[in-house]
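# Observations on chain architecture
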Amino acid sequence: MSIKNKSRLIAVTGKGGVGKTTVCALLIKQLLAAGKTPVLAIDADPNSCLDSALGVNVTSTVGRAREEVKTETDSGISKRELLRLKLESSIAEAKGFDLVAMGRPEGEGCYCYANNILKDIIAEISSGYPYVVLDNEAGLENLSRRIVQKADMLVLVSDASNSGLQTLLRLYELASEMEMTYSKLALVINRLRNGKLPDRIEDIKTKTGADLVIGLPENEEIAAFAEQSKCYLEISDSNIVYSKIAEIINHL
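Notes on the structure follow. These figures come from a predicted structure and were not determined experimentally.

As enumerated under the stated definition, the model contains 5 salt bridges in all. For Glu 173, the salt bridge is made with Arg 170, and the minimal N-O distance between the two is 3.7 Å. Of the two residues, Glu 173 and Arg 170 are both situated in helix 7 (residues 162-177); the distance of 3 residues between them amounts to about one turn of the helix. Overall, the relative accessible area of 40% leaves Glu 173 in the partly exposed class. Here Arg 170 ties to Glu 177 by a salt bridge, and the two come within 3.0 Å at their closest N and O atoms. Since its relative accessible area comes to 31%, Arg 170 is described here as partly exposed.

Turning next to the nonpolar core. Grouped together as the largest cluster of nonpolar side chains are 40 residues, with contacts concentrated most on Ile 10 and Val 155. Ranked by residue count, the leading element in this core is helix 1 (residues 20-33), at 7 residues. Setting aside its immediate chain neighbours within four residues, Ile 10 contacts Leu 27, Tyr 131, Val 132, Val 133, Leu 134, Met 153, Val 155, Ile 249 and Leu 252.

Moving on: the pairing of strand 5 (residues 131-135). For a regular strand, side chains alternate in direction, first toward one face of the sheet and then toward the other. Burial within strand 5 is extensive, with 5 of its 5 residues counted as buried. Burial along strand 5 is two-sided: the face carrying Tyr 131, Val 133 and Asp 135 and the face carrying Val 132 and Leu 134 are both buried. For strand 1 (residues 8-14) and strand 5, the ladder comprises 5 bridges, and the chain directions are parallel. Opposite Ile 10, over in strand 5, you have Val 133 as the bridge partner. Summarising the sheet, strand 2 (residues 39-43) and strand 5 pair through 5 bridges and their orientation is parallel. In the sheet register, Ala 41 faces strand 5, and the bridge partner there is Val 133.

On to the packing of aromatic side chains, then. Here the distance between the centres and the angle between the planes together describe a pair of aromatic rings. A complete count under the given rule lists 1 aromatic pair for this structure. The ring of Tyr 242 is capped by Lys 29, whose NZ or CZ atom sits 4.9 Å from the centre of that ring. For the cation-ring pair, Lys 230 lies above Phe 225, with the distance from its terminal atom to the ring centre recorded as 4.4 Å.

Viewed as axis vectors pointing N to C, helix 1 and helix 10 (residues 240-250) meet at an angle of 75 degrees, and their least axial separation amounts to 9 Å. The orientation of helix 1 relative to helix 10 falls into the category roughly perpendicular. Residues Val 23, Leu 26, Leu 27, Lys 29, Gln 30, Leu 31 and Ala 33 of helix 1 form the contact with helix 10, whose participating residues are Val 241, Tyr 242, Ser 243, Ile 245, Ala 246, Ile 248 and Ile 249. When its residues are assigned to classes, the contact of helix 1 with helix 10 shows 11 nonpolar, 2 polar and 1 charged.

Turning our attention to the packing of helix 7 against helix 8 (residues 201-208). With their axes 11 Å apart at the nearest point, helix 7 and helix 8 run at an angle of 5 degrees to one another. In terms of orientation, helix 7 and helix 8 fall into the roughly parallel class. Judged by residue contacts, Leu 165, Leu 168, Leu 169 and Tyr 172 of helix 7 engage Ile 201, Ile 204, Lys 207 and Thr 208 from helix 8.

Criteria and thresholds
Residues numbered from 1 in each chain as written. Predicted model: local features only at pLDDT ≥ 70, side-chain atom pairs only at ≥ 80, totals over all residues. Heavy atoms only, no water. Salt bridge = Lys/Arg side-chain N within 4 Å of Asp/Glu carboxyl O. Helix = DSSP H or I, 4+ residues; strand = E, 2+ residues; numbered from the N terminus. Buried < 20%, exposed > 50% of the residue type's maximum accessible area, 1.4 Å probe, protein only. Core = buried A, V, L, I, M, F, W, Y, C linked by side-chain atoms within 4.5 Å. Contact = heavy atoms within 4.5 Å. Pairing = 2+ DSSP bridges. Phe/Tyr/Trp six-rings, centres within 6.5 Å; stacked < 30°, edge-to-face > 60°. Lys NZ or Arg CZ within 6 Å of the ring centre and 35° of its normal. Axes fitted to C-alpha atoms, helices over the stretch in contact; angles between N-to-C directions. Parallel < 35°, antiparallel > 145°, perpendicular 65-115°, else oblique. Nonpolar A, V, L, I, M, F, W, Y, C, P; charged D, E, K, R; others polar.

Next comes the structure, spelled out in structure tokens:
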């Protein structure tokens, strides 16, 4: 996949529960505040929680469109073109950004066909957006789907646990195995209890060749937003986690 014109793609991934969707939402908030609009947000996680984090309601997803096309018998156009049209019409529009969600299939079968269409959609429509932020599926398998093979910034999110940091290294290795290319690599260590990065992070930075390492402390405001399912775009501008996320944008 090629990123057309001046669009810059930020791909965020990490194991489940480390806060990657929060990172995505705060990245989008930073981009909106900087006037880098419109932003295209892509939720490639079947659990589809980025819409809630951004305060929008997604009514149609890639998964649902896939099922609708499977049962279509007389549309007058090819199923591939019909799926493309359904996906383009399902983009949720909000102030300063648009959102497209992968969703979950409603029937049997793999995502391969829908994944290919999603890759096409990213390639075709991203040129209309200065920035594209992609929230990958949690876990290691998301990169193997090859939804994105080229990014301006790859962001790997982890907590400070040994297993989390080990997964961080595995994600980096998998990205290399999948021949994913990126201009910059950022490591985000989330929910630091004492605000201090783990000792082994320098070794991980060296092994991965990361351009940036960011430590995000535990934060009461963000925890409250998560508990209440509030829109992260409403986080206060003075929030320390939100401020630190700006480092990723600055590196682009």
